[in-house]
Structures are given as C-alpha cells and as structure tokens.
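Architecture at a glance
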Amino acid sequence: MLEVLSVTKTYRQRGRTITALDDVSLTIPDGALYGIAGRSGAGKSTLFRILTALQRPDSGKVVIDGDDLFSLSRRALRERRRKIGIVFQQFNLLHGRTAAQNIEFPLELAGVPAEQRRQRVGDLLDLVGLADRADNYPSQLSGGQKQRVGIARALASEPSVLLSDEATSALDGETTKQILDLLSQVNRELGVSVVIITHELDILRRHASHVAAFDGGRLVEDGPVLSLITDPASRIGHDLLPRFTSAPSHGIRRALVTLRGEEHAAGFLADYGKDADYRVLSGAVYDVVGEHLARYELDLPDEAAVAALDSRSSDAITVEYA
Ligand SMILES: Nc1ncnc2c1ncn2[C@@H]1O[C@H](COP(=O)(O)OP(=O)(O)O)[C@@H](O)[C@H]1O
Ligand SMILES: [Mg+2]
C-alpha cells in the first residue's frame, strides 16, 4: 500500500510562493491501477517526484509498504528507491547499451549474480514482447519499443509499485494503447500496483481501477472509477464518462440509466418496455475497468414510467434524472 499523508510542497520563484501541492492525502491500495488526472499545472508531476522520492515535500509523509520514505536515512532511502519502479516519459535509456543491457543495469547496481541477471532479463524481455530485440541498441528501436525496455527495466528489481508520469505523451495513439495495455497486463499478471499520471481521461476510463483528480495543487476527488462514473455528483465521473449527451426530449423526464455487467444490459430495455412506453435518446456500451458498461438516455412519457424505472434501480442499475 502507498499512502500520502498531508503532503504540501511549495516553490519559490522570483519572490512568489507557488503551492504545487496543498495538504494532499490519498491511499493507493495494493494491486490498484491508480490514475492521477488534472490539467497542466495541477501538481501531478510534483506528486510524482515526491512519490518516487526524487524530491522531498515541505511537510507530510509518504509511506510505502510500511516505510516512511522521508524519515529513512540517505542510504536506506537509496536502497528503498530501488523497489520503486519508474517509467520515464523520455525513456531515459543508456544509448551505449543494448535493450538487454539496459534492463540488466539496475540488477548490476544491486549486485545480483550474472546467471540470475541473465535469467531475469530473459523473462522480462519475454514479458514486454521484445525477446527478438535483446541485442538492439536504443537507436534501433521505435518509441514504443524503447518504452517497453523502460518498463522492463523498471520491473527488474521487482518493485511493488510502478509509477509513470505522462509515459505515453511522446508516442502516437496506437503505440500509446499498446503501452497502456502492457501496463495493465503487468498490473494484473504480476500484481504490481501501477500509478499512471496523465491528462488524458480516455486512458483512465479504460484502464484505471481508481482515479484521483487534482486541480491547483489540491486533490479534489478520488475513488474507484466505477463509483465515480455512477455518482451523479462526481465531476471527474462526468468527465470520465459524459452524461446527458443528446437531443431534446418530449416526455416529462429524461433519465440516464447506467448498467453494469452484460447480463443486466442485455434484457433491460425489453423488460422495461413491458411497463413503460419510453423512447431511447441515446445508448452506448463502454469499456470501463475491463467491464462492459451500458448507458442509455431515455425519454419518459409519464409518472408511471418514472416509477417503473425507479423500481428497477439496484447496485447494477443506476438511474439518474436530468
Ligand atoms: N521547479 C519548479 N520551480 C517553480 N515552480 C514549479 C517547479 N515545478 C513545478 N512548479 C509549479 O508548480 C505547479 C505544479 O506543477 P507540476 O507539478 O509540474 O504540475 P503538472 O504536472 O500537473 O502539470 C505549477 O504551477 C508549476 O509552475
Ligand atoms: Mg506534469
């Protein structure tokens, strides 16, 4: 588990004080794929540097798996940092080393014996799909391949958490998707917590289990993605999955129905049709956190239709009104 407790960080610039993080507390559960969202200047990169112990906060704590990072000695902190996996935006590969040698580098620093290193590098190359590129230098690899090497290198010391700050912003759309799929796979298959910092909400809607939204150095909202997008009061939930998109209605009320799980979505409209003469204004199925989520915008003709819809609401079926 990774905990941020009342972290504040300010910068001084030309006599002015900029509060980059203002009393931020959050918890990243084990095994989460935790997305951090916010506009430029929101404080995301500052939080990233503090979570990875590249920078100290002015006050507050970061506790990873029980270790209070900033109360460790310098040496202990250096050791501890080896267990925090970092994926860099510009890959930060060593140009004079092959893909395999880049992945091996942290293992050399940690004094892992050669035979064990070889084995581990082989496994990691397989994991990131670059077994046939082991002997290529960074200049011989595409951006996506370089980032795969970066991810393998970050995983070499078996971290409990992998953090990335805009790790795909140097990549095109299709490559971005592949890299995020790889990070999801690492999260699922290795059980490593993954923190993805991005301003692209589309990425978070598809991949994140939890999202925290930042604005002006403050944490404004956080929680499981499914809870956020089915909570009518959630701003980030609305940004992740917009509500009420369509045309004017003619009935007495306009309802937004969100259905989780295919078994509910499939029969819902037919079943509701037995009780109400509704009109569908829009409907779509989204991939959210590996689940299918169906959303219908309905035009309801009368109070009986409203009552019939209300009676169907459950954990899996959320009903909201415009
Ligand atoms: N080294 C620095 N010196 C002065 N101000 C900084 C520094 N780094 C970040 N800031 C300021 O702190 C705020 C948060 O920045 P940052 O954490 O980079 O946000 P984000 O990554 O969300 O765009 C911004 O107002 C930024 O200008
Ligand atoms: Mg940033």
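Computed from a predicted model, the values in this text were never measured in an experiment.

Quick notes on helix α1 (residues 44–51)
The element α1 is extensively covered by neighbouring structure, given that six of its eight residues are classed as buried. Along α1, the residues that are buried comprise Lys-44, Thr-46, Leu-47, Phe-48, Ile-50 and Leu-51. Just beyond α1, the residue with positive phi is Ala-53, at close to 60°.

Re the site of ligand 1
As a structural note, the neighbourhood of ligand 1 is formed by 13 residues, with Gly-41, Gly-43, Lys-44, Ser-45 and Thr-46 the closest of them. Within the backbone of Gly-43, an N or O atom sits 3.0 Å from an oxygen atom of ligand 1. Considered on its own, ligand 1 offers 560 Å² of accessible surface; in the complex 66% of this is hidden by protein. Of all the elements in the fold, those that place two or more residues in the shell around ligand 1 are β1 (2–13), β2 (16–28) and α1. In terms of residue count, α1 provides more of the shell around ligand 1 than any other element does, four residues in total. The residue inventory of the shell around ligand 1, partitioned by class, reads four nonpolar, six polar and three charged.

Examining the layout of surface pockets
Considered as a void within the structure, the largest pocket measures approximately 680 Å³ in volume. With four residues, the top contributor of residues to the lining of the largest pocket is helix α2 (residues 74–81). Of the residues that constitute the lining of the largest pocket, the class distribution is 13 nonpolar, five polar and six charged. Taken as a whole, the second largest pocket encloses approximately 320 Å³ of empty space. Lining the second largest pocket are 13 residues, with Arg-39, Phe-214, Asp-215, Arg-235 and Asp-239 positioned closest to its centre.

A closer look at the sheet that holds strand β14 (residues 317–321)
Read from one edge to the other, the open sheet built from four strands follows the order β12-β13-β11-β14, with strand pairing classed as antiparallel. Lying at the two open borders of the sheet, with one neighbouring strand each, are β12 (279–288) and β14. The sheet shows a mean angle of 15° between the axes of neighbouring strands, direction not considered. Of the strand pairs in this sheet, strand β11 (residues 253–260) and β14 are connected by five bridges, and their pairing is antiparallel. The residue of β14 that forms the bridge with Leu-256 is Glu-320.

Brief notes about empty space enclosed by the protein
The full count for this structure, using the stated rule, is two cavities of 30 Å³ or more. Taken as a whole, the largest cavity spans an internal volume of roughly 60 Å³. The wall of the largest cavity is formed by Ser-164, Glu-166, Ala-167, Thr-168, Ser-169, Leu-180, Ile-196, Ile-197, Thr-198, Glu-200 and Ile-203. There is about 50 Å³ of room inside the second largest cavity. In terms of lining, the second largest cavity is formed by Met-1, Leu-2, Ile-28, Asp-30, Ile-64, Asp-65, Ser-160, Val-161 and Ser-193. Looking at the lining of the second largest cavity residue by residue, the classes come out as five nonpolar, two polar and two charged.

Re the nonpolar core
A general feature of soluble globular proteins is that nonpolar side chains tend to end up buried together. By size, the foremost hydrophobic cluster in this structure holds 48 residues, and its most contacted members are Ile-151, Leu-162, Leu-183, Leu-204, Val-211 and Ile-229. The next biggest cluster of nonpolar side chains, apart from the first, holds 29 residues, and it includes Leu-21, Leu-26, Ala-53 and Leu-163.

Looking at the packing of aromatic side chains
Throughout the structure, instances matching the rule amount to three aromatic pairs. Aromatic pair Phe-268 and Tyr-272: ring centres 5.9 Å apart, planes at 20°, arrangement stacked. With Phe-268 and Tyr-272 both in helix α10 (residues 262–273) and four residues apart, the pair spans about one turn of that helix. In terms of burial, Phe-268 and Tyr-272 fall into one category: buried. Between Phe-268 and Tyr-296, the aromatic rings sit 6.5 Å apart at their centres with planes inclined by 10°, giving stacked as the arrangement.

A word on the pattern of salt bridges
All chains considered together, the criterion is met by 20 salt bridges. Linking Asp-67 and Arg-80 is a salt bridge whose minimum nitrogen-to-oxygen distance equals 2.7 Å. Within this pair, whereas Asp-67 is found in strand β5 (residues 67–68), its partner Arg-80 is found in helix α2, the two being separated by 13 residues in sequence. With a relative accessible area of 29%, Asp-67 lands in the partly exposed category.

Here we look at the side chain of Glu-104
With respect to the helices and strands, Glu-104 occurs in helix α3 (residues 99–109). Assessed through its relative accessible area of 17%, Glu-104 is described here as buried. At 2.8 Å, the side chain of Glu-104 and the side chain of Arg-117 are in polar contact. Sequence-distant contacts of Glu-104, defined by excluding residues within four places in its chain, comprise Arg-117 and Val-121.

Calculation notes
- Residues numbered from 1 in each chain as written.
- Chains lettered and ligands numbered in written order.
- Predicted model: local features only at pLDDT ≥ 70, side-chain atom pairs only at ≥ 80, totals over all residues.
- Heavy atoms only, no water.
- Buried < 20%, exposed > 50% of the residue type's maximum accessible area, 1.4 Å probe, protein only.
- Helix = DSSP H or I, 4+ residues; strand = E, 2+ residues; numbered from the N terminus.
- Near = heavy atom within 4 Å.
- Polar contact = N/O pair within 3.5 Å; in protein donor to acceptor, adjacent residues only side chain to side chain.
- Areas by Shrake-Rupley, 256 points an atom, 1.4 Å probe, with all protein chains shown as cover.
- Nonpolar A, V, L, I, M, F, W, Y, C, P; charged D, E, K, R; others polar.
- 1 Å grid on protein atoms, 1.4 Å probe; cavity = no way out; pocket = protein on both sides within 12 Å on 5 of 7 lines; lining within 4 Å.
- Points joined across faces, edges and corners; volume = space filled by probe spheres on them.
- Pairing = 2+ DSSP bridges.
- Axes fitted to C-alpha atoms, helices over the stretch in contact; angles between N-to-C directions.
- Core = buried A, V, L, I, M, F, W, Y, C linked by side-chain atoms within 4.5 Å.
- Phe/Tyr/Trp six-rings, centres within 6.5 Å; stacked < 30°, edge-to-face > 60°.
- Salt bridge = Lys/Arg side-chain N within 4 Å of Asp/Glu carboxyl O.
- Contact = heavy atoms within 4.5 Å.

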